[in-house]
Amino acid sequence: MEAIQAIFIKDTEIRSTPKPHIVYKIEVHAAVRNWIVWKRYSEFYKLDSQFHTIFPKQPLPVKLPPKRYFPSTFSDMDKVEERKRALETYLRGILSSRDDRWRLTDVWRDFLSIPSGRSLDGTHAYTSESWLDEYTTMSSTAREIRSLINRRSTHIARNEISASHNCTVNAKKLLVNLSSRLSSLDAGLTGLASHVNSGGLSEGELRRRQDMLNTLKDEKDALMRLASTGRQDQDLFHKNTLEQKVAMSKDKKNLLGNNFYEENYGFKEESAQPMNDVSVKRSTTNGRAFGAAAVQRQKQLAKESEVTRGLDNEGLLTHQQQLMEDQDDQVKQFSAILARQKQIGIGIGHELETQNQILDELDADVDRTQTKLKFANKKLQKIK
């Protein structure tokens, strides 16, 4: 039997069949999976009555909230919210009670739809209504994932890397949950199909639900592809940036010469000249010569590229300024990349803190379990 760890009632819903009534969404968290059951107040009342019938002299840990006839709870949402909290307290009181006689009954397991002896098999885990409820929940999860992916694209466009990282992490977590629950839902539909001849769903209804499930699977596959495109786009951006840098470096070398970077940024060292020497020796440069000197040093010119071959002096100066502006843009892009890497590191740090907190809570749960085991052993020794 599944070990129940927590129970939550977080939502309500108004249903019109067989007559208007309110159902409560019960989220059951077990050790390896979670599931949802919908119950109306009359079912809570029936559960409470069965407990009193089975254990007439033993009071329950928490009393069930009473019925209201005049005025009805249905017409007042504040009272519905109050009853929802009281019902959650009622279930949690039974779950956390040291006396486990309530949790060992069949009525408790049936009420929460706890699988018994087949925790990994979802073939018989759904009824017709609970299957539709689970499908509706997973459709809402798929819409939430798509919303997270859309928000991630907006954050990336605004260069908000930390926010986009959080959207990606949350979307992938929900995708993992959606994939596992889809497998359970598929198995549940197989179980419902096995009861067609025994008065269960009709063949037409089964085909309709199979189409719904296939549509949801296609949506899940599309969301998985969208969730994984962020890293590919980032890698493509780095690749294009590197190619631009290499191309610009080649153009610059063709323009200024290979020795431009090797000898004092294009100027050779000059030997010291006497103070009484009025002549000044001009340093020789390796690069493009301008004016009359171009004819004498034509052989020393570097090979020009297709971009610089048809340019005059003014055009070359403009081209060089454009290259410098492009280099400045590359530096800005590199700074943005470093900032994104910093934000990713911060996001990883936050994730590690969350994981450490989960581990601490797990340690605390283990300590509480050990304390309960010691208490149980002491009671067992007294009984012996």
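Above this text sits the structure in question.
Since the model is a prediction, treat every value here as computed from it, not as a measurement.

Concerning unusual backbone geometry
Of all residues except glycine, most have a negative phi; of all peptide bonds, most are trans. For S113, which is not glycine, the phi dihedral falls at a positive 55 degrees. Inspection of the secondary structure puts S113 in the loop between helix 3 (106-112) and helix 4 (128-157). Exposure remark for S113: the relative accessible area of 34% places this residue in the partly exposed category. Even without a glycine there, the phi angle at N159 is positive, about 65 degrees. Among the secondary structure elements, N159 is positioned in the loop between helix 4 and helix 5 (161-193).

Quick look at the sheet that holds strand 2 (residues 21-30)
Reading across the sheet, the three strands line up as 1-2-3 and stay open at both edges, with antiparallel pairing between neighbours. Only two strands of the sheet have a single partner each, and these edge strands are strand 1 (4-15) and strand 3 (34-40). The average angle at which neighbouring strand axes cross in this sheet is 25 degrees, direction not considered. The pairing of strand 2 with strand 3 spans seven bridges and is classified as antiparallel. When the bridges of strand 3 are listed, Y24 appears paired with K39.

Digging into the packing of aromatic side chains
Using the criterion set out here, one finds five aromatic pairs in the structure. An angle of 90 degrees between the planes, with centres 6.3 Å apart, marks the rings of Y24 and F44 as edge-to-face. Residue Y24 is found in strand 2, and its partner F44 is found in helix 1 (residues 41-54); the two are separated by 20 residues along the sequence. In this pair, the class of Y24 matches that of F44, namely buried. An angle of 75 degrees between the planes, with centres 5.6 Å apart, marks the rings of F51 and W102 as edge-to-face. Residue F51 is found in helix 1, and its partner W102 is found in the loop between helix 2 (77-96) and helix 3; the two are separated by 51 residues along the sequence. Like F51, the residue W102 is buried in the burial classification.

What to know about the nonpolar core
I26, F44, F51, Y90 and L91 are the most contacted members of the largest nonpolar core, which totals 29 residues. Of all the secondary structure elements, the ones that give two or more residues to this core are strand 1, strand 2, strand 3, helix 1, helix 2 and helix 3. Per-element accounting of this core gives the leading share, six residues, to helix 2. Among residues more than four places away in sequence, those in contact with L91 are I7, I9, I26, F44, W108 and F111. Formed by 21 residues, the second largest nonpolar core is a distinct cluster that contains A142, I145, M212 and L213.

Conventions adopted
- Residues numbered from 1 in each chain as written.
- Predicted model: local features only at pLDDT ≥ 70, side-chain atom pairs only at ≥ 80, totals over all residues.
- Heavy atoms only, no water.
- Helix = DSSP H or I, 4+ residues; strand = E, 2+ residues; numbered from the N terminus.
- Buried < 20%, exposed > 50% of the residue type's maximum accessible area, 1.4 Å probe, protein only.
- Pairing = 2+ DSSP bridges.
- Axes fitted to C-alpha atoms, helices over the stretch in contact; angles between N-to-C directions.
- Phe/Tyr/Trp six-rings, centres within 6.5 Å; stacked < 30°, edge-to-face > 60°.
- Core = buried A, V, L, I, M, F, W, Y, C linked by side-chain atoms within 4.5 Å.
- Contact = heavy atoms within 4.5 Å.

Remember that the coordinates give geometry; whether it matters functionally is a separate question.
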